[in-house]
Amino acid sequence: MTPKIVTVVGARPQFVKAAAVSRAVAASGRLEEVLVHTGQHYDENMSDVFFRELGIAPPRHQLAVGSASHGRQTALALEGIEQVLIAERPDMVLLYGDTNSTLAGALAAAKLVVPIAHVEAGVRSFDRSMPEEVNRVVTDQLSTLLLCPTATAVGNLAREGVTAGVSVVGDVMFDVFLHAAATAPEFGRLAETFSIADGNFAIVTLHRPANTDDAVRFSRIVEGLAAVARDGLTLLWPVHPRLRSSILDRLDGKVPTNVRLVEPVSYLEMNTLLRHSRCVFTDSGGLQKETLWAGRPCITMRPDTEWVETVDLGWNVLVDDDPEAIVAASRLGAPSAAVPDVFGDGHAAERIVDAVADHLGAA
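Predicted model, so just to flag it, every value in this text is computed and none were measured.

Residues Val21 and Leu273 are the most contacted members of the largest nonpolar core, which totals 59 residues. With eight residues, the single largest contributor to this core is helix α1 (residues 12-28). If near-sequence neighbours (up to four positions away) are discounted, valine 21 is found in contact with Leu94, Tyr96, Val172, Ala349, Ile352 and Val353. Among the nonpolar cores identified, the runner-up in size contains 27 residues, and Val204, Ile221, Val228 and Leu261 belong to it.

Put into structure tokens, the structure is as follows:
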């Protein structure tokens with residue numbers, strides 16, 4: 001009998017990762033996969049479009065937990081996932097990254113004594129004030145297979161006393177990034193839509209509560225970005241509607257001429273935009289790596305990062321919420337050295353499938 005795995009996703013980065021692994025599962029024929037969407041990200045621009053663009057099969061189970069406090073959202077996802085696991089009786093649960101959906105999946109599986117495979121195991125920012133850090137640490141402690149994107153992640157686990165079931169598979173997001181390049185839209189259409197020029201604009205993304213819910217931090221970051229715009233660099237800022245009014249408040253309703261506040265873009269559109277941008281301002285984890293793969297400098301508006309490799313390689317600068325540092329970083333050029341393959345070779349998904357199937361004794 002083919003072993004069954006339940007895959008839990010709930011947020012935009014997880015849809016991206018699941019696209020590659022689910023494709024590899026189908027190609028291998030060694031596993032049966034049941035996809036569960038918790039609904040942590042649920043609107044069209046943050047959820048549905050990713051399933052369509054990346055060719056992800058519709059989830060068998062939709063939990064629709066929606067937005068809520070961390071505790072409530074995790075509890076709702078935990079309750080829903082537990083019911084799915086009781087009904088599906090899987091041989092293993094596959095989890096991605098560090099969201100509340102990931103933590104809920106880990107707790108539900110552990111309490112039902114279902115083995116866990118954690119993709120992106122061992123990633124650490126060493127900042128326990130970040131909910132994501134708590135989620136990933138707890139999930140790693142409960143996991144049977146710890147599928148690490150880099151050697152750094154393996155070292156982090158070893159320092160925590162976790163060595164069994166640990167392997168380096170590479171970063172599955174790199175798989176998707178390379179695959180997406182073949183189907184991403186032409187830049188010309190996007191340039192016309194957003195009134196931007198090749199190599200003469202920067203992308204901005206800002207979403208972490210530590211930045212957006214802290215009035216002082218948020219004001220300082222917006223101040224720095226506005227100064228970058230006044231310095232002459234066009235900023236393309238895909239922004240969720242709930243954040244738009246906060247940005248306008250900080251700018252006294254006067255958006256600089258070369259700041260484009262636009263609706264969230266799709267994954268394939270972002271893939272193209274990254275390749276044609278001058279640099280990226282972000283607090284995202286995934287974009288720090290994708291910017292590196294696109295060969296563009298990244299300015300990260302956080303005091304720390306879980307992707308230390310991007311900083312060590314010189315492609316990422318941590319500016320926290322310092323307006324002057326934000327402006328100074330915007331004037332830096334890209335490193336001259338080539339980007340080494342510290343995140344793998346684009347075949348992480350196949351290694352993940354083989355690791356899970358081998359562990360479950362699949363033919």
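Resuming the write-up.
Side chains Leu145 and Leu147 project from strand β6 (residues 145-148) onto one buried face, and the interleaved Leu146 and Cys148 project onto a second face that is buried too. Each parallel crossover has a hand, and the one from strand β5 (residues 116-119) via helix α5 (residues 131-142) to β6 is right-handed. Where β6 meets strand β7 (residues 166-168), three bridges bridge the pair, whose relative direction is parallel. Within the sheet, the bridge partner assigned to cysteine 148 lies in β7 and is valine 168. Between the parallel elements β6 and β7, the chain passes through helix α6 (residues 151-159) in a crossover that is right-handed.

The subject of this paragraph is the sheet that holds β5. Read across the sheet, seven strands follow the order β3-β2-β1-β4-β5-β6-β7 without closing on themselves; strand pairing throughout is parallel. The sheet terminates laterally at β3 (61-62) and β7, the two strands that pair on one side only. Together, β1 (4-9), β2 (32-37), β3 and β4 (92-96) form the strand contacts of helix α3 (residues 70-88), whose direction differs from that of β1 by roughly 165°.

Here the focus is the pattern of salt bridges. On inspection of all chains with the given rule, the structure shows 22 salt bridges. Between arginine 136 and glutamate 133 there is a salt bridge, with the nearest N and O atoms lying 2.3 Å from each other. Of the two residues, arginine 136 and glutamate 133 both sit in helix α5, three residues apart, roughly one turn of that helix. Judged by relative accessible area, arginine 136 falls into the buried class, the value being 2%. One salt bridge connects arginine 302 with aspartate 304, and the closest N-O pair in it is separated by 3.9 Å. By relative accessible area, aspartate 304 is classed as buried at 16%.

Here the phi dihedral of arginine 89 falls at roughly 50°; this positive angle occurs in a residue that is not glycine. If you trace the backbone, arginine 89 turns up in the loop between α3 and β4. Here aspartate 320, not a glycine, exhibits a phi torsion of approximately 55°, which is positive.

Taken N-terminus to C-terminus, the directions of α1 and helix α16 (residues 348-359) make an angle of 60°; their axes are 8 Å apart at the nearest point. Between α1 and α16, the crossing angle belongs to the class labelled oblique. Judged by the sense of rotation from one axis to the other, the crossing of α1 with α16 is right-handed. Residues Ala20, Val21, Ala24, Val25 and Ser28 of α1 pack against Ala349, Glu350, Ile352 and Val353 of α16. Residue composition of the contact of α1 with α16, by class: seven nonpolar, one polar and one charged.

A few words on the packing of aromatic side chains. Here the structure, examined in full by the defined rule, presents five aromatic pairs. Both rings, one in phenylalanine 187 and one in phenylalanine 201, keep their centres 6.0 Å apart while their planes meet at 10°; by these two values the pair is stacked. Taken together, the positions of phenylalanine 187 in helix α8 (residues 187-194) and phenylalanine 201 in strand β8 (residues 201-205) put the pair 14 residues apart, joining distant regions of the chain. With a relative accessible area of 10%, phenylalanine 187 lands in the buried category. Of the residues examined, phenylalanine 201 reaches a relative accessible area of 0% and is grouped as buried. On the basis of an interplanar angle of 65° and a centroid distance of 5.9 Å, the ring pair of tryptophan 307 and phenylalanine 343 is categorised as edge-to-face. One end of the pair, tryptophan 307, is in the loop between β12 (298-300) and α14 (308-312); the other, phenylalanine 343, is in the loop between α15 (323-330) and α16, and 36 residues separate them in sequence. We classify phenylalanine 343 as buried; its relative accessible area is 2%. Taken together, Phe174, Phe177, Trp293, Trp307 and Phe343 form an aromatic cluster joined through their ring pairs. If you follow lysine 289 out to its NZ or CZ, it ends over the ring of tryptophan 307, 3.8 Å from the centre.

About the cut-offs
Residues numbered from 1 in each chain as written. Predicted model: local features only at pLDDT ≥ 70, side-chain atom pairs only at ≥ 80, totals over all residues. Heavy atoms only, no water. Core = buried A, V, L, I, M, F, W, Y, C linked by side-chain atoms within 4.5 Å. Buried < 20%, exposed > 50% of the residue type's maximum accessible area, 1.4 Å probe, protein only. Helix = DSSP H or I, 4+ residues; strand = E, 2+ residues; numbered from the N terminus. Contact = heavy atoms within 4.5 Å. Right-handed = clockwise from strand over helix to strand, strands pointing away. Pairing = 2+ DSSP bridges. Axes fitted to C-alpha atoms, helices over the stretch in contact; angles between N-to-C directions. Salt bridge = Lys/Arg side-chain N within 4 Å of Asp/Glu carboxyl O. Parallel < 35°, antiparallel > 145°, perpendicular 65-115°, else oblique. Left-handed = near helix turned anticlockwise from the far one by under 90°. Nonpolar A, V, L, I, M, F, W, Y, C, P; charged D, E, K, R; others polar. Phe/Tyr/Trp six-rings, centres within 6.5 Å; stacked < 30°, edge-to-face > 60°. Lys NZ or Arg CZ within 6 Å of the ring centre and 35° of its normal.

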